[in-house]
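Residue-level structure breakdown
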Amino acid sequence: MTTDAPRTLDERLKDTRRRFETDVDVWVATADADGGPYLVPLSFRWDGETFLISTHRTNPTARNLLASGRVRLAFGATRDVVLVHGTAAVLEAEDLAPGEADAFAAHTGFDPRAARPPYPYFRVTPVDIQAWREVNEMRGRDLMTDGRWHG
C-alpha cells in the first residue's frame, strides 16, 4: 500500500491518456449470450478518441463483440488500473481511414491484414472510464461518464 497522496483529476487524466498512447496491449473482456465471460489480451491502438483492436473473426472475443457490441478493457496492474467500458463496431481493413491500418501495425507490431484470412478490426468507443491506484483514489475515479470526459 502506498502513502502517496491521491492524484488530482488533471493528473489522472494525463496519466490515463499517456497510457492509452504508449501501452500496446490490453485485457479485453466480453460475454456470450448466456453471460459467460471471456477474457483475452489483445494489442490496440488509441487514436485520441477510440481504440482499435483486431482478432480472428471466429474466436470468442470476436463472436461476442459481433453479437453484443459490448466490451470492457482493463489496463495496468491492480494497484494502477484503468477500466474502460465501451461499445465496439466491426470494420474491415478497407473501412478504416487512410493510413489507419498502417498506424495500427506500426504501433502494435502486428498487421491483421497479413493474417489468412485477414482479421477484422473492432473500433471501441469508450462510454465510461475509471482510473485509480489505491483505495485513497477510489473517490474521483470516474474520468469519463456516458462518453464525456470529466474535467
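Reference entry: report on the structure contained in this document. (Residues numbered from 1 in each chain as written. Predicted model: local features only at pLDDT ≥ 70, side-chain atom pairs only at ≥ 80, totals over all residues. Heavy atoms only, no water.)

Quick look at the packing of aromatic side chains
Put simply, the test is: Each Phe, Tyr or Trp ring (for Trp, its six-membered ring) is paired with any other whose centre lies within 6.5 Å, and the angle between the two planes then decides the class: stacked below 30 degrees, edge-to-face above 60, tilted in between. A 1.4 Å probe rolled over the protein chains alone gives each residue an accessible area, and that area as a share of the maximum for its type sets the label: buried under 20%, exposed over 50%, partly exposed in between. Counting from the N terminus, the helices are the DSSP runs of H or I reaching at least four residues and the strands are the DSSP runs of E reaching at least two. In this analysis the charged atom, NZ for Lys or CZ for Arg, is taken to sit over a ring once it is within 6 Å of the ring centre and within 35 degrees of the ring normal.
A complete count under the given rule lists 9 aromatic pairs for this structure. With 4.5 Å between their ring centres and 45° between their planes, W46 and F51 make a pair best called tilted. W46 sits in the buried class, given a relative accessible area of 9%. Between F104 and Y121, the aromatic rings sit 5.6 Å apart at their centres with planes inclined by 90°, giving edge-to-face as the arrangement. You can see F104 sitting in helix α3 (residues 100-108) and its partner Y121 sitting in strand β6 (residues 121-132), a full 17 residues away along the chain. Given the relative accessible area of 0%, Y121 is considered buried. These aromatic residues form a ring-pair network of at least three members: F20, F44, W46, F51 and F75. Seen from the ring of W149, R17 lies directly overhead, with NZ or CZ sitting 4.2 Å from the centre.

Some details on the environment of L91
Under the convention used in this document: Note on contacts: a residue pair is in contact if any heavy atoms of the two residues lie within 4.5 Å.
When you line up the elements, L91 lands in strand β5 (residues 80-91). Not counting residues up to four positions away in its chain, the partners in contact with L91 are L96, P120, Y121 and R123.

Re the nonpolar core
Applied cut-off: For our purposes a nonpolar core is just a set of buried Ala, Val, Leu, Ile, Met, Phe, Trp, Tyr and Cys residues, chained together by side-chain atoms within 4.5 Å.
Core analysis: the biggest nonpolar cluster contains 24 residues, and F20, V28, F51, I53, L73, F75 and V84 have the highest contact counts within it. L91, L96, A101 and Y121 belong to the second largest nonpolar core, which has 6 residues in total.

Keep in mind that these numbers describe shape and distance, not what the molecule does.
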